[in-house]
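Residue strings, one per chain:
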Amino acid sequence: MPALPAAPRYGARSLPDVLPSLLTALGVPGFAGPLAMPPARSACLLLLDGLGWELLAEHAADAPFLAGLAAGAEPLDAGFPATTATSITSVCTGLSPGEHGIVGYSFAVPELLNALSWRSPEGVDLRAAAEPEQVQPNPTVFERAAAAGVGVRVLLPAVHRRSGLTRAALRGAEYVGVHGLGDLTAGVLDALGEARSLCYAYFADLDLMGHRYGPGSTPWRCQLGFVDRLVEVIAQRLPRGALLAVVADHGMVALADPVDADTDPRLRCGVRLIGGDVRARHVYAEPGAAGDVLAGWREVLGPRAWVAGRAEAVAAGWFGPAVAPAVLDRIGDVVVAARDRHGVVLSAAEPRETAMVGHHGSLTPADQLVPLLLTQG
């Protein structure tokens, strides 16, 4: 088995460090962020879903404004798994996945919960059975900032207002539902016009193009150009003293030669549930079968993935320097992080995800490295 990779740089240069650092720049007591940021009158964190550091460097010609901000900058680590639900919760709580407990795209609580839709694999709404405020009980950065007297807004698609993930990760802020680039831009600028204010804004469509057509495809590159113009327009209109920070939640790779766990019986022997992403799987074993499942997955995947037992992945720091007792059982008995462009699909259980071209989640630089780009009015 390949030697395990280094853990993400939690507490030094990772997504959970961003909002505490922005609040430090605002001079808010009680926050100590490790990322150097200039003093600011107001601040906005704009998260561009799927804008990996390596992708931005490779396609700098399609995003000249973003590439200019990236010159001389150093990327962040997303954290593991590098997936939207986990990364957003890491950003908005300032905690590692092992602390906040949203440990993947889907994970066991004890049955599978899809953290984006807050539904079971069968489509059952789990907001009552698995209350978001109980699944993720830690205070959010927004709750803490509001308690310190900061005006806090989040700008997200209007349809996400009452979602499970919003309740779990983004509570404590004024929710401003947006419908397109126009009201997203206007909402950010309006929020930044107020002193001692913090806003968080999210834009998803680059990730969508990457999943459907692949990162680097023509639709993806066109969307990157629109994203570049979005950031440029906001930057040009920043109020004096306002600080804009641009990050992403993960990178992305185009999948090649995936293994299908729904058609390979060796990957089903002793397995109760399979969760996570194509490139970052949680495998839950039947009672007493964890050792056999670990050995079987290592044998089948070989050099295509890092395959670790739960205790091994936790000790390696994949989920952060500490894992809360209530979170431990949410991590698979076996944790799989794909290497290169590999992954494990579930063609029967996850036909939509299996059909996607672009994927993310693992510990490779292509998955992990995301930009932190700063500009100030």
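The numbering scheme is per chain: residues are counted from 1 as the chain's sequence reads. In view of the model being predicted, local features appear only for residues whose pLDDT reaches at least 70, and side-chain atom pairs are presented and counted only at 80 or more, with totals across whole chains, interfaces and linings using the full set of residues. The basis for every side-chain value is the complete set of non-hydrogen atoms in the structure, without hydrogens or water.

A.B. asks: Please explain the overall build of the chain as it appears in this structure.
C.D. replies: Across its full length, the chain holds 16 helices and 18 strands. Over its C-alpha atoms the chain spans a radius of gyration of 20 Å, differing by no more than 12% from the 21 Å that the globule rule assigns to 377 residues. Viewed in the frame of its principal axes, the chain has a C-alpha envelope of about 60 × 45 × 35 Å. Burial classes: relative accessible area under 20% of the type maximum marks a residue as buried, over 50% as exposed, and values in between as partly exposed (1.4 Å probe, protein chains only). The proportion of buried residues among the 377 residues of the chain is 59%. In this analysis, two residues are considered to be in contact whenever any of their non-hydrogen atoms come within 4.5 Å of each other. Taking the intrachain contacts of the chain between residues at least 6 apart in sequence as the baseline, contacts between residues at least 24 apart amount to 73%. Put simply, the chain shows about 14000 Å² of open surface, and 55% of that area lies on carbon and sulfur atoms. None of His or the chain ends enter the tally, which takes Lys and Arg as positive and Asp and Glu as negative. Here the site of a charge means atom NZ of a Lys, CZ of an Arg, CG of an Asp or CD of a Glu. Distance between charge centres in the chain, computed from 29 positive and 38 negative side chains, equals 5 Å. Where helices and strands are cited, they refer to DSSP runs of H or I of at least four residues and of E of at least two residues respectively, numbered from the N terminus. Only C-alpha atoms enter the radius of gyration, while the globule expectation follows 2.2 Å times N to the 0.38, with N the number of residues. Note on areas: these come from Shrake-Rupley sampling with a 1.4 Å probe, and a residue is covered only by the protein chains present in the view.

A.B. asks: Help me understand the nonpolar core, please; the structure alone is not making it clear to me.
C.D. replies: Generally speaking, a soluble globular protein has its nonpolar side chains buried in company with each other. Nine residue types can take part in a nonpolar core, namely buried Ala, Val, Leu, Ile, Met, Phe, Trp, Tyr and Cys, and a core is a set of them joined through side-chain atoms within 4.5 Å. Judged by nonpolar contacts, the single largest core of 106 residues is most densely connected at Leu22, Leu66, Tyr200 and Trp318. Each residue touching tyrosine 200, except ones within four places of it in the same chain, is listed here: Leu45, Leu47, Ile88, Val91, Cys92, Phe142, Arg153, Val154, Leu155, Leu156 and Leu170. With 19 residues, the next largest nonpolar core counts Val283, Leu294, Val300 and Val334 among its residues.

A.B. asks: I would appreciate a short explanation of the pattern of salt bridges in the present structure.
C.D. replies: Two side chains with opposite charge may pair up if their charged atoms get near one another. Salt bridges, as used here, are contacts in which a Lys or Arg side-chain nitrogen is within 4 Å of a carboxyl oxygen on Asp or Glu. A full pass over the atoms with the stated rule returns 20 salt bridges. One salt-bridge network, in which partners are shared between bridges, spans Arg9, Arg13, Glu74 and Asp77.

A.B. asks: What is the right way to read the side chain of aspartate 260 from this model?
C.D. replies: Locating aspartate 260 in the fold gives a position in strand E10 (residues 259-260). No salt bridge is formed by the buried aspartate 260. Its closest oppositely charged neighbour is arginine 268, at 7.0 Å. Setting aside residues up to four positions removed in sequence, aspartate 260 forms contacts with Val345, Leu346 and Ser347.

A.B. asks: Can you help me understand helix H1 (residues 18-25) in this one?
C.D. replies: Because the α-helix completes a turn every 3.6 residues, residues three or four places apart line up on one side. Judged by how many residues are buried, H1 sits mostly within the fold: seven of eight residues are covered. Looking at the residues trailing H1, positive phi occurs at glycine 27, about 80 degrees.

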